[in-house]
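So you can see what is in the structure, the chains are spelled out below.
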Amino acid sequence: MRRRLPLYAIALAILIVGALALGVPARSVGFGLLALACPLMMLFMHGGHRGHDSHSAHGE
């Protein structure tokens with residue numbers, strides 16, 4: 001996940017610049033980023049919860 005972080009940042013920057021170039025108001029772009037902040041933080045902080053299935057197999 002961490003090695004793909006620069007690619008995510010570049011994609012987000014392209015999305016923001018593209019939206020502004022198409023005439024989307026900066027206030028709307030800012031609100032969209034604010035609305036995406038919580039799910040994105042959950043994704044990056046928890047890492048998608050990969051690998052938890054293997055822990056339950058050891059207990060059986």
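What comes next is a walk through the structure. From a predicted model like this one, the values you see are computed outputs, not experimental measurements.

1. A few points about the overall build of the protein
Tallying secondary structure elements over the protein gives three helices and zero strands in all. Taken over 60 residues, the protein has a buried fraction of 5%. Total accessible area computed for the protein in this model is approximately 5300 Å², and 71% of it derives from carbon and sulfur atoms.

2. Observations regarding helix α1 (residues 5-21)
Each full turn of the α-helix corresponds to 3.6 residues, which orients residues three or four apart in the same direction. A rise of 1.5 Å per residue sets the reference length of α1, with its 17 residues, at 24 Å; its end C-alpha atoms lie 24 Å apart and thus fit the reference within 8%. Among the residues trailing α1, Gly23 stands out with phi positive, at a value near 100°.

3. A look at the layout of surface pockets
When its volume is computed, the largest pocket comes out at roughly 150 Å³. Taken together, Leu5, Tyr8, Ala9, Ala11, Leu12, Leu40, Leu43 and Phe44 make up the full set of residues lining the largest pocket. Going through the elements one at a time, α1 and α2 (26-46) are the ones with two or more residues in the lining of the largest pocket. Broken down by element, the lining of the largest pocket gets its largest block of residues, five residues, from α1. Looking at the lining of the largest pocket residue by residue, the classes come out as eight nonpolar, no polar and no charged.

Rules used in this analysis
Residues numbered from 1 in each chain as written. Predicted model: local features only at pLDDT ≥ 70, side-chain atom pairs only at ≥ 80, totals over all residues. Heavy atoms only, no water. Helix = DSSP H or I, 4+ residues; strand = E, 2+ residues; numbered from the N terminus. Buried < 20%, exposed > 50% of the residue type's maximum accessible area, 1.4 Å probe, protein only. Areas by Shrake-Rupley, 256 points an atom, 1.4 Å probe, with all protein chains shown as cover. Expected span 1.5 Å × (residues − 1). 1 Å grid on protein atoms, 1.4 Å probe; cavity = no way out; pocket = protein on both sides within 12 Å on 5 of 7 lines; lining within 4 Å. Points joined across faces, edges and corners; volume = space filled by probe spheres on them. Nonpolar A, V, L, I, M, F, W, Y, C, P; charged D, E, K, R; others polar.

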